[in-house]
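Structure at a glance
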Amino acid sequence: MAQLSSGELGFLVSGVRSAIWAAIEKQLRPMDITAAQFVLFNSIAKGRGHTIGDLCRLLGYDSGAMTRLLDRIEKKGLVRRVANPEDRRSYLIELTEKSAALVPNARRQVQKVFANLLQGFTDREALALKSSLEKILENAARGI
């Protein structure tokens, strides 16, 4: 535990995140979408985010970076901004037919990435990894 407490855990988690992101980018490249775009599309499709603020929290982006991302994919016809009926100062982000059609295939491609990353894990090991990561997130949320 002392080795992980000295910063090794942070390096491992950061390295794993980078490896996952790179693998997703590579798998989605033929679809001409990025990992960030997939997270955005998938989140909207699942009803987890419809405002710029929601999407910033999901991706860990500031509002400027999110606006630039939305500008790029709006030009591609993949999202549209519509007036928020509950707050006239903000917009809701919606998928277009084009991006909604991409989501199922993109999900399958991302599932392939995770299946490859979990090769060699038993079901028990995969569940233990999931449980451990959830415990870290819970501890972080409590400020421990």
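The text that follows walks through the structure, step by step, so that each part is easy to find.

What about the overall build of the protein chain?
- Within the protein chain, the regular secondary structure consists of six helices and two strands.
- Its helices and strands in sequence order give the protein chain the pattern α-α-α-α-β-β-α-α, from N to C terminus.
- With the C-alpha coordinates aligned to their principal axes, the bounding extent of the protein chain is approximately 50 × 35 × 20 Å.
- Here the protein chain holds 144 residues, and the buried ones make up 24% of them.
- The averaged location of the 15 negative side-chain charges in the protein chain is 2 Å from the averaged location of its 22 positive side-chain charges.

Focus on the pattern of salt bridges
- Following the criterion strictly, the structure yields seven salt bridges and no others.
- If you follow the salt bridges from partner to partner, you end up with D71, E74 and R81 in one network.

Description of helix α3 (residues 52-59)
- Within α3, the full set of buried residues consists of L55, C56 and L59. Relative to the axis of α3, the buried residues are bounded by an arc of 105 degrees and lie together on one face.
- Count one or two residues on from α3 and you reach G60, which has phi positive near 70 degrees.

Describing the packing of helix α2 (residues 35-45) against helix α4 (residues 63-75)
- Two elements in contact, α2 and α4, have axes separated by 11 Å at closest approach and are oriented at 85 degrees. Considering their axes alone, α2 and α4 lie roughly perpendicular with respect to each other. Where α2 approaches α4, its residues A36, Q37, L40 and F41 are matched on the opposing element by M66, L69, L70 and I73.
- Partitioning the contact of α2 with α4 into residue classes produces seven nonpolar, one polar and no charged.

Re the packing of α2 against α3
- It is at 10 Å that the axes of α2 and α3 come closest, and there the two elements cross at 125 degrees. On the basis of the axis angle, α2 is oblique to α3. Relative to α3, the crossing made by α2 is right-handed. Contact residues: A36, V39, L40, S43 and I44 in α2; L55, L58 and L59 in α3.
- Here the residues of the contact of α2 with α3 sort into seven nonpolar, one polar and no charged.

Digging into a nonpolar patch on the surface
- There is a patch of nonpolar side chains on the surface, built from L9, V13, F114, L117, L118, F121, L129, L133 and I136 and spanning about 690 Å² of accessible area.
- Those elements that place two or more of their residues in the nonpolar patch are α1 (2-28), α5 (97-117) and α6 (123-141).
- Counting residues per element, the nonpolar patch draws most heavily on α6, which supplies three residues.
- Take L118: it is sitting in the loop between α5 and α6.

Cut-offs used in this document
Residues numbered from 1 in each chain as written. Predicted model: local features only at pLDDT ≥ 70, side-chain atom pairs only at ≥ 80, totals over all residues. Heavy atoms only, no water. Helix = DSSP H or I, 4+ residues; strand = E, 2+ residues; numbered from the N terminus. Buried < 20%, exposed > 50% of the residue type's maximum accessible area, 1.4 Å probe, protein only. Lys, Arg positive; Asp, Glu negative; His and termini not counted. Charge placed at Lys NZ, Arg CZ, Asp CG, Glu CD. Salt bridge = Lys/Arg side-chain N within 4 Å of Asp/Glu carboxyl O. Arc of directions from axis to C-beta. Axes fitted to C-alpha atoms, helices over the stretch in contact; angles between N-to-C directions. Parallel < 35°, antiparallel > 145°, perpendicular 65-115°, else oblique. Contact = heavy atoms within 4.5 Å. Nonpolar A, V, L, I, M, F, W, Y, C, P; charged D, E, K, R; others polar. Left-handed = near helix turned anticlockwise from the far one by under 90°. Patch = residues over 30% accessible without salt bridge, like charges linked within 9 Å, V, L, I, M, F, W, Y side chains within 5 Å. Areas by Shrake-Rupley, 256 points an atom, 1.4 Å probe, with all protein chains shown as cover.

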